[in-house]
Amino acid sequence: LLATISLGDQELARTESSGTHMADLVLPGPARLWSPADPILHVARLVLCNPEIPSCGDEVEFSFGLRWLSVSSEADVGPKQER
């Protein structure tokens, strides 16, 4: 799995995973957050690749806005303590 996140023409993060179901991406900070005054959209691209052959197959690309980011010592906890 190849995963990228871009903002405009600039690639912000890229990772390649040996699995096909999960990949971790780390965005460099500070992140540009979406707001009504600045409705910026990031673009994520996911591509299924086979490590046994030098080619990739299906891919999907979608746009999304980052409304908030948080850091927690607990897994899967949001800024309002939701899970």
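So, how was this worked out
Residues numbered from 1 in each chain as written. Predicted model: local features only at pLDDT ≥ 70, side-chain atom pairs only at ≥ 80, totals over all residues. Heavy atoms only, no water. Phe/Tyr/Trp six-rings, centres within 6.5 Å; stacked < 30°, edge-to-face > 60°. Buried < 20%, exposed > 50% of the residue type's maximum accessible area, 1.4 Å probe, protein only. Patch = residues over 30% accessible without salt bridge, like charges linked within 9 Å, V, L, I, M, F, W, Y side chains within 5 Å. Areas by Shrake-Rupley, 256 points an atom, 1.4 Å probe, with all protein chains shown as cover. Salt bridge = Lys/Arg side-chain N within 4 Å of Asp/Glu carboxyl O. Helix = DSSP H or I, 4+ residues; strand = E, 2+ residues; numbered from the N terminus. Pairing = 2+ DSSP bridges. Axes fitted to C-alpha atoms, helices over the stretch in contact; angles between N-to-C directions.

The next point concerns the packing of aromatic side chains. In this structure the tally under the stated criterion is 1 aromatic pair. For the ring pair Phe62 and Phe64, a centre distance of 6.2 Å and an interplane angle of 45° mean the geometry is tilted. A residue is classified by how much of its surface remains accessible, and Phe64, at 21% relative accessible area, is partly exposed.

Moving on, we come to a nonpolar patch on the surface. Together, Leu46, Val60 and Phe62 make up a nonpolar patch on the protein surface, roughly 230 Å² of accessible area in all. Within the secondary structure, Val60 sits in strand S4 (residues 55–64). Accessibility expressed as a relative area gives 43% for Val60, which makes it partly exposed.

What the 4 strands build is an open sheet, ordered S2-S1-S3-S4; its pairing is antiparallel. Edge positions in the sheet fall to strand S2 (10–16) and S4, since each of these pairs with one other strand and no more. On average, each strand axis in the sheet is inclined to that of its neighbour by 15°, with strand direction left out of account. Pairing of strand S1 (residues 2–7) with strand S3 (residues 42–50) involves 5 bridges; the strand directions are antiparallel. Within the sheet, the bridge partner assigned to Leu2 lies in S3 and is Val47.

Taken as a whole and judged by the stated rule, the model has 3 salt bridges. Across the salt bridge formed by Glu11 and Arg14, the nearest N and O atoms sit 3.0 Å from each other. Given the relative accessible area of 46%, Arg14 is considered partly exposed. Residue Arg32 is joined to Asp38 by a salt bridge in which the shortest nitrogen-to-oxygen separation is 3.0 Å.

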